[in-house]
Amino acid sequence: MWSDFYVSAAVLCAVLMVPGYLALRAIGMARTTSACCAPIVSTALIAALGQAYALAGVSSTPALVLGPLLVAGAAAALLARGRVRAVASAGGPAWVPLVFLVLGVALSRSLFVTRLDDAAQLFQAYDLTHHLNTIQAFADSGTFSSIGVGPYLTQADQAIAPVSYASFYPSAYHVLCALVVQMTGVTVPVILNSSMFVYTGVVFPLAMAAFLMAIFRGE
């Protein structure tokens, strides 16, 4: 089970980092800034494409979602290399985000992962059921839409749904988790925990590194 945890965490990191990094490099962003800000750009691109597929009635798969983003991003980055003027000065030395990343991973593992008895152990409170149901429904149906969110999204589920539960709910996070479930086959409780590890140990520290490099540039 712990192997599933770390495999899904690694896959989620790749999904969050690669598309956004390529897109930011294509517009001339510095390497360190592109790496630090990649997760928010990747999230926006994946959520937007998934929503577009849902509106078109197309079931989202890892190949359909990530394929176009990676191909277009890589092509744009290669074409822009040496031709696009940098949109900002160098983001800062590479060791800064590296230090934040090492500390973030170490602290997240120490304060969160080591407290879990099992990779699928969950704290059952608040809207946990909603998140579990939404991620599973997205992964099963391939419907990555924030407009019609509900626990019954496949045709088989809708055939037995007692009432319509579909409603609007911002679901970019659920899209990312569902995408990783489709790619790795891990259970939803595992991806919930591994995503918390990734966001607290990787995404937030890199974002803070970008913020501090921006406000202390030239100091």
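Residues numbered from 1 in each chain as written. Predicted model: local features only at pLDDT ≥ 70, side-chain atom pairs only at ≥ 80, totals over all residues. Heavy atoms only, no water.

A. Spatial organisation of the side chain of serine 8. Looking at the secondary structure, you find serine 8 in helix α1 (residues 2-26). Residue serine 8 is classed as buried on the basis of its relative accessible area of 0%. With sequence-adjacent residues up to four places away left out, serine 8 is seen in contact with Val180, Thr184, Val186, Val190, Ile191 and Ser194. (Helix = DSSP H or I, 4+ residues; strand = E, 2+ residues; numbered from the N terminus. Buried < 20%, exposed > 50% of the residue type's maximum accessible area, 1.4 Å probe, protein only. Contact = heavy atoms within 4.5 Å.)

B. Local environment of helix α2 (residues 31-56). Compared with an ideal rise of 1.5 Å per residue, which puts 26 residues at 38 Å, α2 spans 35 Å between its outermost C-alpha atoms and is within 8% of the ideal. Roughly 55° is the biggest bend found in α2, and it falls at alanine 38, with proline proline 39 one to four residues downstream. One or two residues past the end of α2 sits glycine 57, with phi positive at roughly 80°. (Expected span 1.5 Å × (residues − 1). Bend = angle between axes of the 7 residues up to and from the residue.)

C. Up close: a nonpolar patch on the surface. Among the surface-exposed residues, Trp95, Val99, Leu103, Leu107 and Leu111 lie close enough to one another that they form a single nonpolar patch of about 550 Å² accessible area. Locating leucine 111 in the fold gives a position in helix α4 (residues 95-111). What makes leucine 111 exposed here is its relative accessible area of 59%. (Patch = residues over 30% accessible without salt bridge, like charges linked within 9 Å, V, L, I, M, F, W, Y side chains within 5 Å. Areas by Shrake-Rupley, 256 points an atom, 1.4 Å probe, with all protein chains shown as cover. Salt bridge = Lys/Arg side-chain N within 4 Å of Asp/Glu carboxyl O.)

D. Representation of the environment of histidine 130 in the model. Inspection of the secondary structure assignment puts histidine 130 in helix α5 (residues 128-141). Overall, the relative accessible area of 26% leaves histidine 130 in the partly exposed class. Considering only alpha carbons, one finds histidine 130 and proline 151, 21 residues apart in sequence, at a separation of 7.9 Å. Once residues lying within four places of it in the same chain are set aside, the contact partners of histidine 130 are Val149, Tyr169 and His174.

E. Inspection of the packing of α2 against helix α3 (residues 62-80) at higher detail. Where α2 meets α3, the closest approach of the two axes is 10 Å, and the angle between their N-to-C directions is 125°. Accordingly, the angle class assigned to the pair α2 and α3 is oblique. Here α2 runs over α3; the crossing is right-handed. Here Leu45, Ile46, Leu49 and Tyr53 of α2 lie close against α3, whose contacting residues are Leu64, Val65, Leu66, Pro68 and Leu69. In terms of residue class, the contact of α2 with α3 is made up of nine nonpolar, no polar and no charged. (Axes fitted to C-alpha atoms, helices over the stretch in contact; angles between N-to-C directions. Parallel < 35°, antiparallel > 145°, perpendicular 65-115°, else oblique. Left-handed = near helix turned anticlockwise from the far one by under 90°. Nonpolar A, V, L, I, M, F, W, Y, C, P; charged D, E, K, R; others polar.)

Interpretation in functional terms is not warranted from these geometric data alone.
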